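Close look at the chain arrangement
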Amino acid sequence: MRGVRRLPFFALAGASALLLATRLLAAAHVGFGDSEALYASYALHPQPAYLDHPGLVGLVARLIGGGTAPSPLHAHLVTALVATAFPWVLALACRACGATWGRAMAAALVAALAPEIAVGLFALTPDLLLSVAWAGAVGLAALALGGQPGSGRASLAFAGAGLLAGVAASSKVTGLALFAALAVTYASRAARAHGRTLAPWAGLAAGAVVLAPIVAFEARTGWPMLRHRLVDTQGDAGLSLRNVGALLGGQLLYLSPLVALLAAFAAREAWRDRGDAVGRLLWSCFALPAAALVPLCLWSRVAEPHWMAPAWIALVPAAARASRAPSRILSRRWVGASCALAAAMVAAVHAWVLVPGALRLAPASYDPRLDLANELQGWPEAVDAVREEVAAASEAEGDTEGDGPTVVGPHWVICAQLEAALRDQIRVGCDTPVPDDFDAWWPRARWRSADLLVWVSDARFGPPALATHVPLRQREVRIERDGRVVRVFTITLLAHRAQA
């Protein structure tokens, strides 16, 4: 029996070591994804909140970068360590919820190998911070609920849970659902003895203090994050079969099919075990986020499948402590099959990104513009060419000491990569079709009045179409993988019509 209990621990330790080695290898070879580059750009413009997310991820990026935008290598070294630690935080949360060590490790192992965790948490994103804070809050809240009401241990655990809820909501707006889940739990009949004490509510108040600067900033500036998320980017919103398919298909890909099935079993067990305080906590931490996020994903065309991740986190300890069907949820057969399929999917993703020869397996219809792996390629070469173009244009204008031309991209996915790489050494403007953060950092009215612009684009976007400027010259930067061109950057020098 002792060997059986040790098996999940050694399996989780082995998977963690292998994933860490893979992440460190990836850190040395890949750049930022487009969204990552935007979060790295936040480091250059410290503020409590941005159009897409609260400001915590920008603060973390600034800390990693030593006061500026971090390099992809430095950012990914940090995220590799945090992502590897996350399943162990989950295991501790499972244990705090009442699971045995063996079942806690088995549940954490399944989570560790799910593509959403094994691949997704490698990136420097709000989701990484949200996940760690959410799991930690669930574990501390469970620890508090299992303690003596009014005791010092319970009070400290409630305080920690509330503070981590504040951290979660400072990472991503969906973290607000954690506040709601904790409050519903504390007010429930199952947790009545604790709910009558000050400690749980004081913990939530402490978390609210963490959020206060964000709320004040949003209120002062007219709630731009909510307006951007719920209005400006929702022009095509509406219920559709396309959205249903994206939500369901996304979960199968992000969790893997068997892990998604385990999650469904765990949700059923969370409902059945909701009678005690910890069970009510886990059900609330699953059901409340799901109740908010599922309708949003069905309505919004820009919703992404990983938005559902917070709801799944509570199902890990729910599965580990399930009382009625443990053999089905965490049997050796189910765990083995789920881990094998998830690990195969994770290995395939890493091979596609890190092994250039994998591109030979692409079908004849392969379109490089649709391959997200290509986001991670080619930016160092493109940025070098941009610097050369800016320097040449400045020298030709005799402005070697001034600001020189402004660099502009047609969309934030281009602008963010440039901003993170250039680190405010060269101004970056952006021509995204809807307002974005760059409109506050370097307003369109200012860069459109510049004498010279260096327009940077790739095959996803058309040529520059500015009424204010005309092209002078253009160059291309072609990026290859395994001898095949996967990206073509175009760099165009534009002159103001009044100066041309």
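As shown above, the structure is provided for reference.
Residues numbered from 1 in each chain as written. Predicted model: local features only at pLDDT ≥ 70, side-chain atom pairs only at ≥ 80, totals over all residues. Heavy atoms only, no water.

**A closer look at the packing of helix H14 (residues 257–272) against helix H15 (residues 277–299)**
When two helices pack together, their arrangement is given by the angle between the helix axes and the distance between those axes. Interhelical geometry of H14 versus H15 gives an angle of 135° and a closest axis separation of 8 Å. Accordingly, the angle class assigned to the pair H14 and H15 is oblique. The way H14 lies across H15 gives a crossing that is left-handed. Between H14, through Ala 267, Ala 270 and Trp 271, and H15, the contact on the second element is made entirely by Gly 279, Trp 283 and Phe 286. Counted by class, the contact of H14 with H15 contains five nonpolar, one polar and no charged residues. (Axes fitted to C-alpha atoms, helices over the stretch in contact; angles between N-to-C directions. Helix = DSSP H or I, 4+ residues; strand = E, 2+ residues; numbered from the N terminus. Parallel < 35°, antiparallel > 145°, perpendicular 65-115°, else oblique. Left-handed = near helix turned anticlockwise from the far one by under 90°. Contact = heavy atoms within 4.5 Å. Nonpolar A, V, L, I, M, F, W, Y, C, P; charged D, E, K, R; others polar.)

**So, the sheet that holds strand S1 (residues 406–409)**
Taken together, the five strands give an open sheet; going across it, the order is S2-S1-S3-S5-S4, and neighbouring strands pair in mixed fashion. Two strands in the sheet have a free side with no partner beyond their single neighbour: strand S2 (428–430) and strand S4 (469–481). Averaged over all pairs of adjacent strands, the angle between their axes in this sheet comes to 25°, without regard to strand direction. Relative to the sheet, helix H21 (residues 412–422) contacts S1, S2 and strand S3 (452–457), its axis offset from that of S2 by approximately 170°. (Pairing = 2+ DSSP bridges.)

**Some details on the state of the cysteines**
Considering all chains together, one arrives at one disulfide under this definition. Each sulfur in the disulfide pair Cys 415 and Cys 430 lies 2.1 Å from the other. Across the disulfide from Cys 415 to Cys 430, rotation about the S-S bond amounts to roughly 90°, and the bridge is consequently right-handed. Of this pair, Cys 415 sits in helix H21 while Cys 430 sits in strand S2, and the two are 15 residues apart along the sequence. Here Cys 415 matches Cys 430 in class, with each residue buried. Of the cysteine sulfurs around Cys 285, a residue in no disulfide, the closest is that of Cys 97, at 8.8 Å. Using a relative accessible area of 0% as the deciding quantity, one classes Cys 285 as buried. (Disulfide = S-S within 2.5 Å. Buried < 20%, exposed > 50% of the residue type's maximum accessible area, 1.4 Å probe, protein only.)

**Quick word on the pattern of salt bridges**
Taken as a whole and assessed by the stated rule, the structure comprises 18 salt bridges. Arg 229 serves as the salt-bridge partner of Asp 52, at 3.8 Å between the closest nitrogen and oxygen. Remark: Arg 229 occurs in helix H12 (residues 224–232) and Asp 52 occurs in the loop between helix H2 (34–42) and helix H3 (56–64); sequence separation between them is 177 residues. Its relative accessible area of 25% is what places Arg 229 among the partly exposed residues. Where Arg 448 meets Asp 431, a salt bridge forms, and the shortest distance between an N and an O atom there is 2.8 Å. Placement of Arg 448 in the loop between helix H23 (444–447) and S3 and of Asp 431 in the loop between S2 and helix H22 (438–441) is noted, with a sequence separation of 17 residues between them. A residue is classified by how much of its surface remains accessible, and Arg 448, at 32% relative accessible area, is partly exposed. Overall, the relative accessible area of 18% leaves Asp 431 in the buried class. (Salt bridge = Lys/Arg side-chain N within 4 Å of Asp/Glu carboxyl O.)

**Remarks on empty space enclosed by the protein**
Within this structure, the stated rule accounts for two cavities of 30 Å³ or more. Taken as a whole, the largest cavity encloses approximately 70 Å³ of empty space. Every residue lining the largest cavity is listed: Arg 242, Asn 243, Ala 246, Leu 247, Cys 297, Ser 300, Ala 303, Glu 304 and Pro 305. In terms of residue count, helix H13 (residues 241–255) provides more of the lining of the largest cavity than any other element does, four residues in total. Reported here for the second largest cavity is a volume of approximately 40 Å³. Lining of the second largest cavity is provided by His 45, Glu 419, Asp 424, Arg 427, Val 428, Phe 438, Trp 441 and Trp 442. Partitioning the lining of the second largest cavity into residue classes produces four nonpolar, one polar and three charged. (1 Å grid on protein atoms, 1.4 Å probe; cavity = no way out; pocket = protein on both sides within 12 Å on 5 of 7 lines; lining within 4 Å. Points joined across faces, edges and corners; volume = space filled by probe spheres on them.)

**Quick notes on the packing of aromatic side chains**
We describe a pair of aromatic rings using the distance from one ring centre to the other and the angle between the two ring planes. Under the counting rule described, the total for this entry stands at 15 aromatic pairs. An angle of 55° between the planes, with centres 5.7 Å apart, marks the rings of Trp 283 and Phe 286 as tilted. Placement of the pair is Trp 283 and Phe 286 together in helix H15, with a separation of three residues, close to one helical turn. An aromatic cluster is present here, built from Tyr 39, Tyr 42, Tyr 50, Phe 438 and Trp 441 joined pairwise through their rings. In this arrangement the basic side chain of Arg 274 is found over the ring face of Trp 271, its NZ or CZ atom lying 3.4 Å from the centre. A cation sits over an aromatic face here: Arg 481 above Trp 352, 5.8 Å from the ring centre. (Phe/Tyr/Trp six-rings, centres within 6.5 Å; stacked < 30°, edge-to-face > 60°. Lys NZ or Arg CZ within 6 Å of the ring centre and 35° of its normal.)

**Details of unusual backbone geometry**
Negative phi is the rule for most residues except glycine; trans is the rule for most peptide bonds. Backbone geometry places Trp 223, a non-glycine residue, at a positive phi of 55°. Of note in the backbone geometry, Ser 256 takes a positive phi value of approximately 85° without being a glycine. Within the element layout of this structure, Ser 256 appears in the loop between H13 and H14.

**With respect to the pairing of S4**
Taken together, the 12 bridges between S4 and strand S5 (residues 484–496) define a ladder with antiparallel strand orientation. Note that in S5 the partner of His 469 across the bridge is His 496. From the end of S4 to the start of S5, which pair antiparallel, there are two residues, and Asp 482 there has a positive phi angle of about 55°.

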